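Fold and geometry: a report
The lines below spell out each chain.
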Protein chains: 2
Amino acid sequence: MKQKKVRPSKTRIEERISEISTFNLTPGQGTTRPTFSEPYIAASKYLFDIMEGLGLETGVTCHGNMIATWEGENNQPGILLGSHIDSVPHGGNYDGVTGVIAAIEAVQCLKKEGFKPLKPVHIIVFAEEEGTTFGHMLVGSKASLGQITQKKLASLKNKEGKSYLECAEKFQKIFGKPLFDYIRPEMTRAMLELHVEQSVVLEEKNFQVGIVTEIAGAQEYIISIKGLANHAGATPMKFRLDAVAGLGEAIVGIEKTITKHKSPLGVATVGSVSCFPGAANIIAGEASFSLDIRDVKKENLEILERNMLSKIGKIMDKRNLSLEINRTSSSIPIVLDEGIRSLLEEVAEDNNIPVLKMPSGAVHDSAEIARFIPTGMIFVPSKNGRSHCSEEYTNAEDITQGCTILKETIRKLSLDQIFK
Amino acid sequence: MKQKKVRPSKTRIEERISEISTFNLTPGQGTTRPTFSEPYIAASKYLFDIMEGLGLETGVTCHGNMIATWEGENNQPGILLGSHIDSVPHGGNYDGVTGVIAAIEAVQCLKKEGFKPLKPVHIIVFAEEEGTTFGHMLVGSKASLGQITQKKLASLKNKEGKSYLECAEKFQKIFGKPLFDYIRPEMTRAMLELHVEQSVVLEEKNFQVGIVTEIAGAQEYIISIKGLANHAGATPMKFRLDAVAGLGEAIVGIEKTITKHKSPLGVATVGSVSCFPGAANIIAGEASFSLDIRDVKKENLEILERNMLSKIGKIMDKRNLSLEINRTSSSIPIVLDEGIRSLLEEVAEDNNIPVLKMPSGAVHDSAEIARFIPTGMIFVPSKNGRSHCSEEYTNAEDITQGCTILKETIRKLSLDQIFK
């Protein structure tokens, strides 16, 4: 007898996202949930309780990723569902969290239907996707594939000076160990991530769901300028080696360079600035800023990177300021697996959900996983394209539509015998 | 019998400046001595001990200025000798301190000679000259003339959130009350301040001493920009309202405006920058910066101010960013008293010390006092023109020469019967 399909619950999705939003360091000023912080641990406990309630086997890997496994009839190859729950400072409630809640919802509905997967299904909550707690993006997903050394994890520090490794170990102690620490590509059939779009495209074109074709790569830097501190009143303009003047010209130069860049999805951002000693009546001797550049095409990103750094170098040379460039994070643009994309589109059509094929300007854990494992991403719209801010919002009805595609794709993948 | 003149002691000047430099919050990283801070109190105690040892009557005014009085035969009009001992963050050892030590040295030598002044001589150490502790320049000197209300003093806060008034009261409790709280112009003959030049002019022209003709005025602002925080990867360039991009263009615009400004002594500085939320992968929704503009001519400063603010306004309009401009400090350019200048030059000639007549690009307490009282300033060279930084240095021999002029001018002024 064929079991009736259970539709993902809009109400439950809405409630759970809202619950998680209460685990927040800065209530009333956007959501701040640094990786491994108190609210992060509280949110994790909330999620583990739900997932254990669904009968999943849970634990935390040595890299601080949360894993919940729904055993299949065979013990491999598995299907990964994943996203993250860390936030940028003063960010929103939907980035990452939506994907985690949608994955749980999909599993919960399949379970209710009495569905039995042949392959195991693993929900992974990757740690430190944003990179704003330990200064490095996508740490959990990279580490899960052995792409970051333990030494590097020990060197990444949060604001309190605690290392990533130390915090991940503490986090593991709270929740216990999972079935596996490393994702093994040969034992994995596919990865699926639902995420908010974080831009205006779906809204403008009036789609509830997008299927991601490719994910932008991002290079992040901390760039430091050194000049000479001096008196702001008594030092004539021509004698100055003003680090902040160099900073200003660099910001303008970066904007000019990205404007000339021919790739429509290339972007560049200076999101953080500071100077030293930082008083109104002192010419700053030092200044520093972050630079984040992105493109969906590898060759375009390389050109952009070269042009940016050359422009900044020329500005500082002209001003006799010294320059130090440190790359803090790097991810490569990636085209997502054709087979998974076709499957997602097929499922969408079966369920009468129109989808838009589109690139992702934002970087995701899926970009790292996709280097080794067939990966698909489902986008749902962001209201007014706002993200990484308190105004971030996605309609629960749209999430439910995306979740339906996610759920039905899990079903197909977890039964298929044709690959591997 | 004519008493032999006592020359100021180079060794003692050197030692005392060096002693005061040990009262410092940031040893090894320049001198940081915020107004009324622990090291400020320790330095004050050091100075009061010396001045009391010389038989001066000491105390702290209700505005936190230190006063030490050498009684004259008549009790008015008095002669003021003054400077300051607060420092900018990570500043130098000579700014302000040199003038205080030179004033004490001049009094000490005159006393040793057995000199008896007709007029009283008051050494004043003005509080919060720099404006980097409470965000407002020249507070002590302005307050001493009734140019700042008690209400304003209660509203100025330091980093710990303590008000200027509260801190000044505590400071007064430690050292007791002086002979007067307010400087009364009708009871004051003149003000003299020796100060380090903080620029390269004396060194380049090979003079040990300068006589200041006029002092630049300074306008200081905190300027805040508001845009819209958003995702640094997913938000296309054309949809951004990036506060840091506005900041960059403002810094460049300020530099262009000062370059076009026709006055050779006009300067403009952005010494402090910040943004919010300040993460590499978030387009900043807010940015702010300090703006300090100066000129020695009042009309030029007014033109400069108008042009600067108009330039910044146009940039933000074009970018659809909102703008908030707050003036935090203001001082007016001033031409120093002809009579006192002539007297200083005459004394220099009598003592065979060549002097350069020159304007001051830096602002000083003397600029406030000069609005009401005949005022003179003596400059001594700054090595390589460096100031407001740890490399700040002035040769003790040069200070001794300046101090000789100071001392002999005090003698003349404290005996003259021709004015007032």
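Note that the structure is predicted; figures quoted are calculated from it, not measured. (Residues numbered from 1 in each chain as written. Chains lettered and ligands numbered in written order. Predicted model: local features only at pLDDT ≥ 70, side-chain atom pairs only at ≥ 80, totals over all residues. Heavy atoms only, no water.)

**Description of the relation of the copies chain A and chain B**
Two copies of a chain can be linked by a rotation about an axis combined with a shift along that same axis. By a simple turn and slide, chain A fits onto chain B: the slide is 0.0 Å along the axis, the RMSD is 0.1 Å, and the turn is 180°. Such a turn and shift between the copies fits a two-fold axis. Of the C-alpha atoms belonging to chain A, the one lying closest to the rotation axis is found on Gly-248 of chain A, 2.0 Å away. (Least-squares fit on C-alpha atoms with pLDDT ≥ 70 in both.)

**Quick notes on the packing of helix α2 (residues 38-53) of chain A against helix α3 (residues 97-112) of chain A**
Axes are the key here: two packed helices are described by the angle between their axes and the distance separating the axes. Residue and element names in this part refer to chain A. The contact between α2 and α3 brings their axes to 11 Å, and the two run at 15°. Here α3 runs roughly parallel to α2, going by the angle between their axes. Judged by the sense of rotation from one axis to the other, the crossing of α2 with α3 is left-handed. Here Leu-47, Ile-50 and Met-51 of α2 lie close against α3, whose contacting residues are Val-100, Ile-101 and Ile-104. For the contact of α2 with α3, the per-class residue count stands at six nonpolar, no polar and no charged. (Axes fitted to C-alpha atoms, helices over the stretch in contact; angles between N-to-C directions. Helix = DSSP H or I, 4+ residues; strand = E, 2+ residues; numbered from the N terminus. Parallel < 35°, antiparallel > 145°, perpendicular 65-115°, else oblique. Left-handed = near helix turned anticlockwise from the far one by under 90°. Contact = heavy atoms within 4.5 Å. Nonpolar A, V, L, I, M, F, W, Y, C, P; charged D, E, K, R; others polar.)

**Re the packing of aromatic side chains**
For any pair of aromatic rings, geometry is given as the distance between the ring centres together with the angle between the planes. Residue and element names in this part refer to chain A. Considering all chains together, one arrives at 22 aromatic pairs over all chains under this definition. Geometrically, the ring pair formed by Phe-134 and Tyr-164 is edge-to-face, given 5.1 Å between the ring centres and 75° between the ring planes. Of this pair, Phe-134 sits in the loop between β4 (121-126) and α4 (139-144) while Tyr-164 sits in helix α6 (residues 164-175); the two residues are 30 residues apart in sequence, bridging distant segments of the chain. Each member of the aromatic cluster is reached from another via a ring pair, and the members are Phe-36, Tyr-40, Phe-48, Phe-134, Tyr-164, Phe-171 and Phe-175. Positioned over the ring face of Phe-115 is Arg-411, at 5.5 Å from the centre of the ring. (Phe/Tyr/Trp six-rings, centres within 6.5 Å; stacked < 30°, edge-to-face > 60°. Lys NZ or Arg CZ within 6 Å of the ring centre and 35° of its normal.)

**Looking at the interface of chain A and chain B**
Of the residues lining the interface, 62 residues belong to chain A; the matching set on chain B comes to 62 residues. A buried area of about 4,900 Å², summed over both sides, lies between chain A and chain B, and 60% of it is on carbon and sulfur atoms. Of all residues in chain A, the largest losses of buried area upon contact with chain B belong to His-231, Ala-280 and Asn-281 of chain A, amounting jointly to 12% of the total for that side. Glu-255 of chain A is paired through a salt bridge with Arg-319 of chain B; the nearest N and O atoms lie 2.5 Å apart. Counting every contact that joins chain A to chain B gives 26 residue pairs in polar contact (both at pLDDT 80 or more). At the level of elements, β8 (230-231), α8 (243-260), β9 (267-269), β10 (273-276), β11 (282-283) and β12 (286-295) of chain A are the ones that each hand at least two residues to the side of chain A that touches chain B. Looking at which element gives the most residues to the side of chain A that touches chain B, the answer is α8 of chain A, with nine residues. (Buried area = accessible area lost by both parts, 1.4 Å probe. Salt bridge = Lys/Arg side-chain N within 4 Å of Asp/Glu carboxyl O. Polar contact = N/O pair within 3.5 Å; in protein donor to acceptor, adjacent residues only side chain to side chain.)

**Here's the deal with the pattern of salt bridges**
Residue and element names in this part refer to chain A. Scanning all chains against the criterion turns up 45 salt bridges over all chains. Between Glu-214 and Lys-297 there is a salt bridge, with the nearest N and O atoms lying 2.9 Å from each other. You can see Glu-214 sitting in strand β6 (residues 209-215) and its partner Lys-297 sitting in the loop between β12 and α9 (298-318), a full 83 residues away along the chain. Among the residues examined, Glu-214 registers a relative accessible area of 14% and is labelled buried. Linking Arg-327 and Glu-305 is a salt bridge whose minimum nitrogen-to-oxygen distance equals 2.7 Å. Taken as a pair, Arg-327 in strand β13 (residues 322-331) and Glu-305 in helix α9 lie far apart in primary sequence, 22 residues in all. (Buried < 20%, exposed > 50% of the residue type's maximum accessible area, 1.4 Å probe, protein only.)

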